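Working through the structure, step by step
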Amino acid sequence: PVTIISAETGSGKSTQVPQLLFETERYRRIRVSQPRRPAAKGVYSRIKDEIAGVLGPAAEDIVAFQTAVEKMGPDNAPIKVATD
């Protein structure tokens, strides 16, 4: 199943919703799509930093980032931010 969320800019759909879904432990693969590389990288950094504030270094295994030319984090990360 796929869920698409549409909301106002700044409402937290890219940064807060993935973290809330992860915390429920019901979702094993959470994918966040961003239209441009800088946006994707920024969302990745924000989510990773916020999770690191709670879980510390374990955040490195939870969040990943991927574009056509760049990749950070593990392939099997539960939360992955990527360009369209």
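Our subject in this report is the structure included herewith. Remember, it's a predicted structure, so these values are computed and weren't measured experimentally.

Quick notes on the rules
Residues numbered from 1 in each chain as written. Predicted model: local features only at pLDDT ≥ 70, side-chain atom pairs only at ≥ 80, totals over all residues. Heavy atoms only, no water. Core = buried A, V, L, I, M, F, W, Y, C linked by side-chain atoms within 4.5 Å. Buried < 20%, exposed > 50% of the residue type's maximum accessible area, 1.4 Å probe, protein only. Helix = DSSP H or I, 4+ residues; strand = E, 2+ residues; numbered from the N terminus. Contact = heavy atoms within 4.5 Å. Pairing = 2+ DSSP bridges. Salt bridge = Lys/Arg side-chain N within 4 Å of Asp/Glu carboxyl O. Axes fitted to C-alpha atoms, helices over the stretch in contact; angles between N-to-C directions. Parallel < 35°, antiparallel > 145°, perpendicular 65-115°, else oblique. Left-handed = near helix turned anticlockwise from the far one by under 90°.

1. Some details on the nonpolar core
Grouped together as the largest cluster of nonpolar side chains are 13 residues, with contacts concentrated most on Ile 47, Ile 51, Val 63, Ile 79 and Val 81. When contributions to this core are tallied by element, the ones reaching two or more residues are β1 (30-34), α2 (37-55), β2 (63-66) and β4 (79-83). When residues in this core are grouped by element, the largest group, five residues, is from α2. Setting aside its immediate chain neighbours within four residues, Ile 47 contacts Ser 14, Thr 15, Pro 18, Gln 19, Val 63, Ile 79 and Val 81.

2. Quick look at the pairing of β2
Bridge analysis of β2 against β4 gives four bridges, and the strand direction is parallel. Note that in β4 the partner of Phe 65 across the bridge is Val 81. For β2 and strand β3 (residues 71-72), the ladder comprises two bridges, and the chain directions are antiparallel. Bridging across to β3, Phe 65 finds its partner in Met 72. If you look at the hairpin formed by β2 and β3, you'll find four residues sitting between the two strands.

3. Looking at the pattern of salt bridges
Once their charged atoms are close, side chains differing in charge can pair, the charge on each being opposite to the other. The full count for this structure, using the stated rule, is four salt bridges. For Glu 70, the salt bridge goes to Lys 41, with nearest N and O atoms at 2.9 Å. Taken together, the residues Glu 70 in the loop between β2 and β3 and Lys 41 in helix α2 connect sequence positions 29 residues apart. Glu 70 sits in the partly exposed class, given a relative accessible area of 28%. Lys 41 sits in the partly exposed class, given a relative accessible area of 32%. The residue Glu 50 makes a salt bridge to Arg 46 at a minimum N-O spacing of 2.6 Å. Within this pair, Glu 50 and its partner Arg 46 are both found in helix α2, separated by four residues, close to a single helical turn. Assessed through its relative accessible area of 24%, Glu 50 is described here as partly exposed. Given the relative accessible area of 46%, Arg 46 is considered partly exposed.

4. Quick word on the packing of helix α1 (residues 16-24) against α2
When two helices pack together, their arrangement is given by the angle between the helix axes and the distance between those axes. Orientation of α1 relative to α2, taken along the N-to-C sense of each, is 45°, at an axis distance of 10 Å. Taken together, the axis directions place α1 and α2 in an arrangement best described as oblique. For the crossing formed where α1 meets α2, the hand is right-handed. Note on element contacts: α2 touches α1 through Arg 46, Ile 47, Glu 50 and Ile 51, opposite Gln 16, Pro 18 and Gln 19.

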